[in-house]
Amino acid sequence: MALKDGSDAELDLDKDEYITKACVYFWKSVQMLGTQKWPEIHRCYGRFLRDLGDKREAIECFKRAMEIDTANKPTKSFEHLFETFLQMYEEEVQDLPNCSSESVDENDHKVELRVDRLLFEIAYWFRFAVKKYKVLDLKEKDEHPEASKVQKPDPKFTRSYSVQTDIGNVPSTIDIKAKEAAILFEKHTRRFSDEYKTAMAHLCAYFESVTESYSDRISKMIQQSASFKSTEDVEWNTIMESWSRRRSKLSQHSGIASCPACGNLTNKLSYSEPPEKARNEIFKYDFYVVYPENQREWVLYSLIQKLEGVYGFKGAINDRDAIPGDNIFKSISHLIENCHRVLVVLTREFYQDRWCMHSLDKAESHSYTKKRDNFIIPIILESTDVSADRFNTIICLDGVEYFDWDKLVRSINQR
């Protein structure tokens, strides 16, 4: 397995000693990166783990690579991440019960929950990639070029030393690379639609089920990128209809509902099971997350998945860990008082959410009365002036341009 050319050479699994050494060296190379952005290292480590059969750990490596990759580079991280995602999903779908059956067995129900959690995670990262590589924005510019034209300056106000040209606006190198990345993205999507038709049809059906214009545009983009006309493909439509019927049946048994504001599914299908025990030896939870509703998917499919699935922390969020029937004020207080750290996800919407502000007030009060230093860890996901006033004495984790997971883990582990 070469680091430079990225070739997919298969491993000789008989040589356990060499494989063990490779695992150690790969892990050390990742740890030594620090704040250096080398997505190639994470991709190679992910491919190594995938070849060993550990798809979940490989997925986390590919996620990290895609996060730190620049948006105008070739989309290798996206390709590896989604190929692994779709392989894993196709394997899980084979265990699904027959949707024609009226009864729902408990074991079948658990399988359906596990499959849907994975689909929701795939959907989040597909949307993340679409936004990162500006696929829809560039498609709109191609379809409506007149809307993206820049008005030429008036010759009267043009300085004498300006160079006049008749070739119009020349695109920058960054724009050209971004366009190339978007084209590669669609190329990968087209291949995925051919090779993983079931998974891509389910993904398409999911985006259609979410009453949000952006998700609807993604669904249409997937179908348009397919090498066949998916709207006329009998097998594709049959798979989508089967997913919709199963979703309807599952909603009757699980109480699935859609958020009236955003249309996102709000049931506990989306929540992964936390570890049984916390890593710290004092509190029930290692961390509690305070976040606005518009960052729910990032918390579920990036933050929680990483901290619980990879690092083994036990987290708490209201939607999953609050006890139904409890007073919401008591529930928030209970979770805050029984956690080692409070992670505060800061965006512009955070300060407009009354439950976020109440949770923050409670966390600050608890930190002051119990004299718990380093109790609150602010995470800035969007640039906002308000956060500077509220947290002027606390060092915030800046995740606007680059999210340093290692720094967050060290902050949670700090005694």
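Since this is a predicted model, take the numbers as computed values, not measurements.

What counts as what
- Residues numbered from 1 in each chain as written.
- Predicted model: local features only at pLDDT ≥ 70, side-chain atom pairs only at ≥ 80, totals over all residues.
- Heavy atoms only, no water.
- Helix = DSSP H or I, 4+ residues; strand = E, 2+ residues; numbered from the N terminus.
- Buried < 20%, exposed > 50% of the residue type's maximum accessible area, 1.4 Å probe, protein only.
- Contact = heavy atoms within 4.5 Å.
- Areas by Shrake-Rupley, 256 points an atom, 1.4 Å probe, with all protein chains shown as cover.
- Expected span 1.5 Å × (residues − 1).
- Polar contact = N/O pair within 3.5 Å; in protein donor to acceptor, adjacent residues only side chain to side chain.
- Axes fitted to C-alpha atoms, helices over the stretch in contact; angles between N-to-C directions.
- Parallel < 35°, antiparallel > 145°, perpendicular 65-115°, else oblique.
- Left-handed = near helix turned anticlockwise from the far one by under 90°.
- Nonpolar A, V, L, I, M, F, W, Y, C, P; charged D, E, K, R; others polar.
- Salt bridge = Lys/Arg side-chain N within 4 Å of Asp/Glu carboxyl O.
- Core = buried A, V, L, I, M, F, W, Y, C linked by side-chain atoms within 4.5 Å.
- Pairing = 2+ DSSP bridges.
- Right-handed = clockwise from strand over helix to strand, strands pointing away.
- pLDDT = per-residue confidence, 0-100.

K.L.:
Mind laying out the overall build of the protein chain, listing which residues take part and the relevant values?
P.N.:
Within the protein chain, the secondary structure is distributed over 16 helices and five strands. With 415 residues in all, the protein chain has 47% of them scored as buried. Residue pairs at least 24 apart in sequence account for 74% of intrachain contacts in the protein chain once pairs closer than 6 positions are excluded. Within the structure as shown, the protein chain displays about 22700 Å² of accessible surface, and the carbon and sulfur contribution to it stands at 50%.

K.L.:
Residue-level account of helix α14 (residues 354-369), with values.
P.N.:
A rise of 1.5 Å per residue sets the reference length of α14, with its 16 residues, at 22 Å; its end C-alpha atoms lie 22 Å apart and thus fit the reference within 8%. Of the positions making up α14, those classed as buried are C356, M357, S359, L360, A363, H366 and S367. Where α14 begins, the capping side chain belongs to D353, and its oxygen is found 2.9 Å from the backbone nitrogen of W355. The first or second residue beyond α14 is K371, which carries a positive phi of 50 degrees.

K.L.:
Lay out the packing of helix α3 (residues 55-68) against helix α4 (residues 76-93) with the relevant residues and their values.
P.N.:
The interhelical angle for the contact between α3 and α4, taken along N-to-C directions, is 150 degrees, at an axis separation of 8 Å. It follows that α3 is roughly antiparallel to α4 by the angle criterion. Every pair of crossing elements has a handedness; the one defined by α3 and α4 is left-handed. In this structure, α3 contributes K55, R56, I59, F62, K63, A65 and M66 to the contact, and α4 contributes S77, F78, H80, L81, T84, F85, Q87, M88 and E91. Residue composition of the contact of α3 with α4, by class: eight nonpolar, four polar and four charged.

K.L.:
Can you tell me about helix α8 (residues 197-209), naming the residues and giving the values?
P.N.:
Counted at 1.5 Å a residue, the expected span for α8 with its 13 residues is 18 Å, and the 18 Å between its end C-alpha atoms agrees. In terms of residue burial, α8 counts as a mostly covered element, since ten of its 13 residues are buried.

K.L.:
Any details on the pattern of salt bridges? Residues and values, ideally.
P.N.:
Under the criterion given, the structure shown has 16 salt bridges. Taking the shortest distance from any N to any O, the salt bridge between E79 and R191 comes out at 3.2 Å. Of this pair, E79 sits in helix α4 while R191 sits in helix α7 (residues 173-195); the two residues are 112 residues apart in sequence, bridging distant segments of the chain. Judged by relative accessible area, R191 falls into the partly exposed class, the value being 24%. Each of the salt bridges in this network shares a partner with another, and the network as a whole consists of R56, E60, K63 and E121.

K.L.:
Hey, could you go over unusual backbone geometry for me, with residue numbers and the actual values?
P.N.:
Notably, K371 is not glycine yet its phi reads approximately 50 degrees, a positive angle. By the element assignment, K371 lies in the loop between α14 and β4 (376-380). With a relative accessible area of 72%, K371 lands in the exposed category.

K.L.:
Provide a residue-level description of the nonpolar core, including the pertinent values.
P.N.:
Membership of the largest hydrophobic core comes to 76 residues, with the highest contact counts inside it found for F126, V289, L307, L343 and L408. Here the element with the most residues in this core is helix α5 (residues 106-132); it accounts for twelve residues. In contact with F126, other than residues within four places in its own chain, are F78, F82, F185, T189, L203, F207, I218, M221 and I222. Counting residues in hydrophobic clusters, the runner-up holds 21 residues, among them V290, C339, L346 and F391.

K.L.:
Which residues make up the sheet that holds strand β3 (residues 339-346), and what values go with them?
P.N.:
Consider a sheet: its strands pair through backbone hydrogen bonds, and that pairing is either parallel or antiparallel. Ordered by their spatial adjacency, five strands build an open sheet running β2-β1-β3-β4-β5, and the pairing between neighbours is parallel. Here the strands that pair on one side only, and so sit at the sheet edges, are β2 (315-316) and β5 (397-398). Where strand β1 (residues 285-290) and β2 come together, two bridges link them in parallel fashion. Directly across from F287, in β2, lies its bridge partner G315. With respect to the sheet, α14 is in contact with β1, β3 and β4, its orientation differing from that of β1 by roughly 140 degrees.

K.L.:
Explain the pairing of β3 to me, using residue names and the numbers behind them.
P.N.:
Burial analysis of β3 places eight of its eight residues in the buried class, which makes it a mostly covered element. Across five bridges, the pairing between β1 and β3 is parallel. Note that in β3 the partner of Y285 across the bridge is C339. Here β3 pairs with β4 via five bridges, running parallel. Counted as the bridge partner of L343 is I377 from β4. As a crossover connection, the stretch from β3 through α14 into β4 is right-handed.

K.L.:
Break down the side chain of S302 for me, citing the residues and quoting the values.
P.N.:
Note that S302 resides in helix α11 (residues 296-309). In contact with S302, not counting residues within four places along its chain, are E67, W125, E297 and W405.

K.L.:
An account of the confidence of the model for the protein chain is requested, with residue identities and associated values reported.
P.N.:
For residues with low pLDDT, the predicted coordinates do not support detailed interpretation. Per-residue pLDDT for the protein chain has a mean of 75; in total, 68% of the residues score no lower than 70. Every residue in residues 147-171 scores below 50 in pLDDT, and together they form six contacts with partners more than four places removed in sequence or on other chains. Confidence over residues 253-269 falls short of pLDDT 50; this stretch has 44 contacts with residues more than four positions distant or in other chains.

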